[in-house]
Amino acid sequence: MALTTANSGGLVIAPICRPRPLRSGAAATGRPTVFTRLAQQFRRLKIWSVPSVASSRAAQSAARGGREPSAARQPSGVDHSAHPGAVGGRRPGIVWFRGDLRLHDHEALSRAQAECSSLLPVYCFDPRDYGKSPQGYDKTGPFRAHFLAEAVADLRAALRAAGSELVVRVGRPEEVVAELVRRTGAATVYCHTEVTYEELQAEAAVKSAAQAAGAQLRSFWANTLCHLEDLPFSLAQLPQNFDKFRDRINGSAVRPALPAPAELKGLPLGGRVDPGDIPTLQQLGLQPLPASHASLPGKAGGAAAAAAADASTSRGGESEALRQLQHFVTAAAASGKSAAGAAGAAYGSSFSSSIAPWLATGCLSPRRMLEDAQRALVSAQAAPAAAAATAAPVQQPQAPLAWVRFELLWRDFFRFITLKYSSVSGAKLGSGAVAAVPA
């Protein structure tokens, strides 16, 4: 250390890169040198303490009158290091497809699309749905299983076209979903609730497993013409016969069907998941179908026979369901007045029966079915009415449309009555509409 005297008379301490070595005489006598005494004074005054880089930058920024940017704030209670798919404070979501193998009118999918950073759709072939019943019958026969596999394949193709994917597994949903939650860091599992005892048990098991893995289950009502929340009575007050049920809900509004999303959010970034293969009938424990399984003749006459025969030879899936629906509304609208009366009623009733496989597997929404039929039939009826000067301003629905609605209400009644007498309480289900319904 060198000492120099400035013009002002003050003492200036200038550092030297390499201090001179101590003289041997001073070291031997043990007397402190000038350098040693200055170093001791500096240590006592803490002059040699170096400020941190952060505090130095903050001081410089304050001197300039600016503000040092802070780190991005993370949501409290969320450790993003443990959730590889989390982005921007929002976590991935899992959409559990069940009896709703479609993209249109799918509230669970729409909610997940709006609320999550990414989506992982999944479908499970539950082994409990296959095999033999206690009475010795197939729980799921080969024809239904084949139709269901085709519907799953069609759903996968639709999801891929929208930028997503469908994960397919053979296993219990509670085990599959819990494993996917842990792998992707999903915060919520979205699904539509079902009505039978076994389906409600499976839903309760998925809810428990998802919570144990760190996610919640949100279930929504679907697959009926009238929404459960829109009934003018509670589920406990559901009439015991269809006539009273129809009278009580007369005039109840039907919610509009949700459109199919044109584009979906991508898969979670972390925890990549193998999509899996759709199982064969043999892998599900069933015998393959005979080659002549498609030749099932329809029993109705005229256009209804053609529709029934066409339905019997058709594939499962949403795209085929919409094709069948378009075939019906086009034929019914073209028939005009010839479809009125008993013939129109028979045509509407026959179509409601032939479209049943797609309704049962959720490939077609009842609300979408009624909307398309109403749009086509009312348009066909409005054309001659507009040409007639004395035409009534409001036309009554044609017979096919009235009978389609009638058949769909029958279907609603059976689903509601099944839910009413299922032995699983609604309080054990997800946080959707069903959770608030008295058992």
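Quick caveat: nothing in here was measured; it's all calculated off a predicted structure.

Enquirer: What am I meant to see in the side chain of Thr224 here?
Expert: Mapped onto the elements, Thr224 comes out in the loop between β7 (216-220) and α8 (242-248). Under the relative-accessibility criterion, Thr224 is labelled buried at 4%. There is a polar contact of 2.7 Å between the side chain of Thr224 and the backbone oxygen of Cys226. If we ignore the near neighbours within four places in the chain, the residues touching Thr224 are Pro366, Arg367, Asp412, Arg415 and Phe416.

Enquirer: Would you mind going over the packing of aromatic side chains with me for this structure?
Expert: The relation between two aromatic rings is expressed through the spacing of the ring centres and the mutual angle of the planes. Under the defined criterion, the tally for this structure stands at 14 aromatic pairs. Between the aromatic rings of Phe233 and Phe245, the centroid separation amounts to 6.4 Å while the plane-to-plane angle is 70°, which identifies the pairing as edge-to-face. With Phe233 in the loop between β7 and α8 and Phe245 in helix α8, the pair connects residues that are 12 residues apart, well separated along the chain. By relative accessible area, Phe233 is classed as buried at 7%. One aromatic cluster is present, formed by Trp221, Phe233, Phe242, Phe245, Trp403, Phe406, Trp410, Phe413, Phe414 and Phe416 through successive ring pairs.

Enquirer: Hey, could you run me through the pattern of salt bridges in this one?
Expert: For side chains bearing opposite charge, pairing can occur when the charged atoms are close. One pass over the structure, following the stated rule, counts 17 salt bridges. Residue Glu150 pairs with Arg315 through a salt bridge whose shortest N-O separation is 3.3 Å. With Glu150 in helix α5 (residues 142-161) and Arg315 in the loop between α9 (302-312) and α10 (318-335), this residue pair connects regions lying 165 residues apart in the sequence. Put simply, Glu194 and Arg415 hold a salt bridge, and the shortest N to O gap is 3.1 Å. On the criterion of sequence distance, the pair formed by Glu194 in the loop between β6 (188-192) and α7 (197-213) and Arg415 in helix α14 (residues 399-420) is long-range, its members being 221 residues apart. Under the relative-accessibility criterion, Glu194 is labelled buried at 5%. Through salt bridges with shared partners, a single network forms among Asp126, Arg128 and Glu174.

Enquirer: In this structure, what is going on with the pairing of strand β5 (residues 167-170)? I would like to understand it.
Expert: Side chains on a regular strand alternate between the two faces of the sheet. Across four bridges, strand β4 (residues 119-125) lies against β5 in parallel orientation. Residue pairing in the sheet places Val122 in a bridge with Val167 of β5. Once you follow β4 into α5 and on to β5, the crossover reads as right-handed.

What counts as what
- Residues numbered from 1 in each chain as written.
- Predicted model: local features only at pLDDT ≥ 70, side-chain atom pairs only at ≥ 80, totals over all residues.
- Heavy atoms only, no water.
- Helix = DSSP H or I, 4+ residues; strand = E, 2+ residues; numbered from the N terminus.
- Buried < 20%, exposed > 50% of the residue type's maximum accessible area, 1.4 Å probe, protein only.
- Polar contact = N/O pair within 3.5 Å; in protein donor to acceptor, adjacent residues only side chain to side chain.
- Contact = heavy atoms within 4.5 Å.
- Phe/Tyr/Trp six-rings, centres within 6.5 Å; stacked < 30°, edge-to-face > 60°.
- Salt bridge = Lys/Arg side-chain N within 4 Å of Asp/Glu carboxyl O.
- Pairing = 2+ DSSP bridges.
- Right-handed = clockwise from strand over helix to strand, strands pointing away.

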